[in-house]
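Structural overview for review
Residue strings, one per chain:
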Amino acid sequence: MDSTMSDQPINPDSVIGSRLQLKPYKPDPFLFGQPDYNNKPTTPSEWFSCKFPEAAKIHGTPFLELVEPIGDGINTINPLAPKIDFLTAILSGDQKLGHKVVYIETEMAFYYYDVRDHLYKQASEDKLGNLMRAYLMKCAEELGNNVHKLNLFLHFRSDKTIRSIVHRAKSILAADSSFFSADSKNERQQGPELYERVAKAFVEQVLERQAGEVLTLNDAYVKFCDYLKGRKMAPVKRKLFKDLVPPAVKEEFDLGIRNDLKDQAGGKWHSGWQGIRALGVEPVTQN
């Protein structure tokens, strides 16, 4: 917290009548919590709590503020230090609008949800830092002149403070590798699990159990590339194919790859599966 305060912090005891406060935003209960009809926020804590009520419920007030009376019942408000956890949480956006940001620890990368494409796309740490700077600037612009703007405009938007917020986001917004697994409903732009899902669909839709017939790896690979082409996806290398399709075949048909399959025509040995076939692919007859 010290790193986000100004170089010469104000001592509230040195100002008569001054006090420190942690002030949340409280909407008028008679106005059903509608922000358009409630009193406008007057402090940085109220502004952020009003804009991000879910973060306020979990993390409390976002700033420690100094209140100084200047006479005639008028006070000045000076935000002294932010609550890093609160500012980190709001980087995830408003979930009511479909926003979401996650950090995948195994990839050391942030992803945001694009509500237009219904896909998660990678977000850089700089982009998240600039988003936080924009929030702080917007807060400074919308509050009255009785609010000291120096910390909001300069100190809280410094590289040092922003880095601490983004670094904390790696734990608060963390998601494990299952977030983008083949069985997850979460999809991202050209993620490796996309091909895992397609491989499962290929096995379910194209392959079928047929006693006495053989499907070679080569035939399956050709058919899989045709399947990808039909979905307007680029073909994969054979190594990736072997990582994707055989596990899906094992799961669907409980069949593993055999290396003792021999065709009648050329007498060549093949690797593949016995007991299944691919629709539209001429099967190799087991000798």
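Because the structure is predicted, anything quoted here is derived from the model rather than measured. Counting from 1, residues in each chain are numbered in the order their sequence is written. Totals for whole chains, interfaces and linings use all residues, but because this is a predicted model, local features are given only for residues with pLDDT of at least 70 and pairs of side-chain atoms are given and counted only at 80 or more. Where side-chain values are given, they derive from all heavy atoms of the structure, hydrogens and water being excluded.

1. Some details on the side chain of Thr61
To keep it simple, the criterion reads: Secondary structure elements follow DSSP: runs of H or I no shorter than four residues count as helices, runs of E no shorter than two count as strands, and numbering proceeds from the N terminus. Pairs of residues are marked as contacts when any of their non-hydrogen atoms sit within 4.5 Å.
With respect to the element layout, Thr61 can be found in the loop between helix 2 (53–59) and strand 2 (63–71). The residues contacting Thr61, other than those within four sequence positions of it, are Leu22, Lys23, Pro24, Ser45 and Lys83.

2. A look at the sheet that holds strand 1 (residues 19–21)
Short version of the rule: Pairing between strands is defined by DSSP: at least two bridges between the two strands are required. Fitting a line to C-alpha atoms yields each axis, with helices limited to the stretch in contact; the angle taken between N-to-C directions then spans 0 to 180 degrees.
Strand order in the open sheet formed by three strands is 1-2-3, and the pairing between neighbours is antiparallel. A single partner strand is all that each edge strand has here, and the edge strands are strand 1 and strand 3 (74–82). In this sheet, neighbouring strand axes are inclined to one another by 30° on average, regardless of whether the strands run parallel or antiparallel. Across the sheet, helix 1 (residues 44–51) touches strand 2 and strand 3, and the angle it forms with strand 2 is around 135°.

3. Some remarks on the confidence of the model for the protein chain
Predicted coordinates in areas of low pLDDT are best not read in detail. Convention followed: Along the chain, pLDDT gives the predictor's confidence residue by residue, from 0 to 100.
Summing up the model confidence of the protein chain, the mean pLDDT is 83 and the portion of residues at 70 or higher is 84%. For the protein chain, the element scoring lowest by mean pLDDT is strand 11 (residues 284–285), at 44; helix 4 (residues 125–142) scores highest, at 95. Segment residues 1–7: pLDDT under 50, and 15 contacts once partners within four positions in sequence are set aside and those in other chains are kept. Within the model, pLDDT remains below 50 along residues 281–287, and this stretch shows 19 contacts once partners closer than five positions in the same chain are excluded.

4. Regarding the pairing of strand 5 (residues 109–114)
Sheet analysis places strand 4 (residues 101–104) next to strand 5, joined by four bridges and oriented antiparallel. When the sheet's bridge partners are listed, Tyr103 is paired in strand 5 with Phe110. Linking strand 4 to strand 5, which pair antiparallel, is a turn of four residues; within it Met108 sits at a positive phi near 55°. Remark: four residues form the turn of the hairpin made by strand 5 and strand 6 (residues 119–123), two consecutive strands paired antiparallel; His118 in that turn has positive phi of roughly 55°.

5. Section: the side chain of Ser184
The following threshold applies: Residue exposure (1.4 Å probe, protein chains only): buried if accessible area is under 20% of the type maximum, exposed if over 50%, otherwise partly exposed. N or O atoms closer than or at 3.5 Å make up a polar contact, with two conditions inside protein: a donor-capable atom paired with an acceptor-capable one, and, for residues adjacent in sequence, both atoms drawn from side chains.
One can find Ser184 in the loop between strand 7 (174–175) and helix 7 (192–206). By relative accessible area, which is 14% here, Ser184 ends up buried. For Ser184, the side chain forms a polar contact with the main-chain nitrogen of Asn186, separated by 3.1 Å. Those residues in contact with Ser184 that lie beyond four places of it in its chain are Ser178, Phe179 and Arg197.

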